[in-house]
Amino acid sequence: GPPSLDATEAALSSIRAAPAESSAPAPHEPLASAPWRHAFSTLVSHRAFVSDGFGEVAFKLEEHWEFAVGAFTMEDVARDVTLLPPQFVASGMRHQGGVYNQPFAAGFSFADVDTRMDSATVVMLNAGFLVPKLASISLAMLEATGLPIWLNVYLSKPGLATSTQLHTDAQDVVLVQCTGRKRWRVYRPPPPGKTPSLDPFARGKGTDHMEFVEEDLLIDTVMEPGQVLYIPAGYPHTTDTLLEPVEDEVASQPSVHLTVGVDSHIWSLSYAHLRQHALTRAGQPAALSDGA
């Protein structure tokens, strides 16, 4: 029979994607991007990931990607954040019973970002398109998957009780911790039939509040620098930086992590969208009776 979920998750978590330290970049390849290209390519082409992981199972790699430690820091943020237009730099805010992104104003500075981080996580949206240091990482994933890619950077100071509310996204994502620590909790997706009018890939946003179902908790982990977490599209997750006190250098650092997303759903590159388009062209309703 098919492997159990525990066996599948164990096989995925044990994938070794990071290059050996002695690995040399290919000719004409920039040295800094070489390990990212190797790691992404090895991960997404691994038999376990292709057959059982992609879009199916959330998992955390057991190995550390040492090349990712300090790959993007608050010093980089200070230098590069104003390369982004103000609408691409935002933090979550509560407004009239909902949770929304609040962008920065025109002419914002790194000092404004630092101040906002005292009470909220700040995200650099689409940073992989505009920050040269991150563009090479986005390109490495694009070439590994052959699919549309985007890259966001999330910035959180220690002590945030809720860094990100419980929600789902439309992207399959690889999260890479660069500095600091952040706690992640990932849950099993709720049956779409329970909320047929809501997009299962955009739950927990605006006025849609998701409820924690503890028996659906799949992963509860604190991400350390160099650690990697994969979350399929539609899997609810929440984060915080309210962690057990640890006296070390990492504890005082803001959490900086990269979220590298695969945009197959946004661009309708899935069997679900193929089915939807085929039924629509045939004049048939595309929705299922249970809301899926």
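Residues numbered from 1 in each chain as written. Predicted model: local features only at pLDDT ≥ 70, side-chain atom pairs only at ≥ 80, totals over all residues. Heavy atoms only, no water.

## A short note on the overall build of the chain
Logical step 1: Scanning the chain for helices and strands turns up 8 helices and 12 strands.
Logical step 2: Whereas a compact globule of 292 residues would reach a radius of gyration of roughly 19 Å, the chain reaches 19 Å, a difference of no more than 12%.
Logical step 3: Buried residues in the chain amount to 45% of all 292 residues.
Logical step 4: Relative to all contacts within the chain whose residues are 6 or more apart in sequence, the contacts with residues 24 or more apart total 83%.
Logical step 5: Accessible surface, the chain: about 14700 Å² in total, of which carbon and sulfur atoms supply 56%.
Logical step 6: Of the charged side chains in the chain, 19 are positive and 33 negative; the average position of the first set lies 5 Å away from that of the second. (Helix = DSSP H or I, 4+ residues; strand = E, 2+ residues; numbered from the N terminus. Rg over C-alpha atoms; globule rule 2.2 N^0.38 Å. Buried < 20%, exposed > 50% of the residue type's maximum accessible area, 1.4 Å probe, protein only. Contact = heavy atoms within 4.5 Å. Areas by Shrake-Rupley, 256 points an atom, 1.4 Å probe, with all protein chains shown as cover. Lys, Arg positive; Asp, Glu negative; His and termini not counted. Charge placed at Lys NZ, Arg CZ, Asp CG, Glu CD.)

## Quick look at the environment of Ser163
Logical step 1: The topology assignment puts Ser163 in the loop between strand S5 (149–156) and strand S6 (164–167).
Logical step 2: Residue Ser163 is classed as buried on the basis of its relative accessible area of 11%.
Logical step 3: Taking C-alpha positions, Ser163 is 5.5 Å from Thr121, a pair spaced 42 residues apart along the chain.
Logical step 4: When sequence neighbours within four positions are dropped, the list of residues in contact with Ser163 reads Thr121, Ser156, Lys182, Thr239 and Asp240.

## Here's the deal with the packing of aromatic side chains
Logical step 1: Applying the stated rule across the entire model yields 11 aromatic pairs.
Logical step 2: Seen from their ring centres, Trp36 and Phe67 are 5.0 Å apart, and the 80° between their planes marks the pair as edge-to-face. With Trp36 in helix H2 (residues 34–45) and Phe67 in the loop between strand S1 (59–60) and helix H4 (74–80), this pair connects stretches of sequence that are 31 residues apart.
Logical step 3: For Trp36, a relative accessible area of 4% translates into the label buried.
Logical step 4: Among the aromatic side chains, those forming a connected cluster through ring pairs are Trp36, Phe40, Trp65 and Phe67.
Logical step 5: The residue whose ring lies beneath Arg116 is Phe104, and the NZ or CZ to ring-centre distance is 3.8 Å. (Phe/Tyr/Trp six-rings, centres within 6.5 Å; stacked < 30°, edge-to-face > 60°. Lys NZ or Arg CZ within 6 Å of the ring centre and 35° of its normal.)

## Overview of the pattern of salt bridges
Logical step 1: The final tally for this structure, using the stated rule, is 15 salt bridges.
Logical step 2: One salt bridge connects Lys157 with Asp118, and the closest N-O pair in it is separated by 2.5 Å. In this pair, Lys157 is assigned in the loop between S5 and S6 and Asp118 in the loop between helix H5 (110–116) and strand S4 (122–124), connecting sequence segments 39 residues apart.
Logical step 3: The salt bridge partner of Asp220 is Arg183, with a shortest N-O separation of 2.7 Å. (Salt bridge = Lys/Arg side-chain N within 4 Å of Asp/Glu carboxyl O.)

## Regarding unusual backbone geometry
Logical step 1: Not every positive phi belongs to a glycine, and Asn126 is a case in point at roughly 60°.
Logical step 2: By secondary structure assignment, the location of Asn126 is in the loop between S4 and helix H6 (127–130).
Logical step 3: Even without being a glycine, Ser268 presents a positive backbone phi close to 60°.
Logical step 4: Here Ser268 is to be found in the loop between strand S12 (255–262) and helix H8 (271–281).

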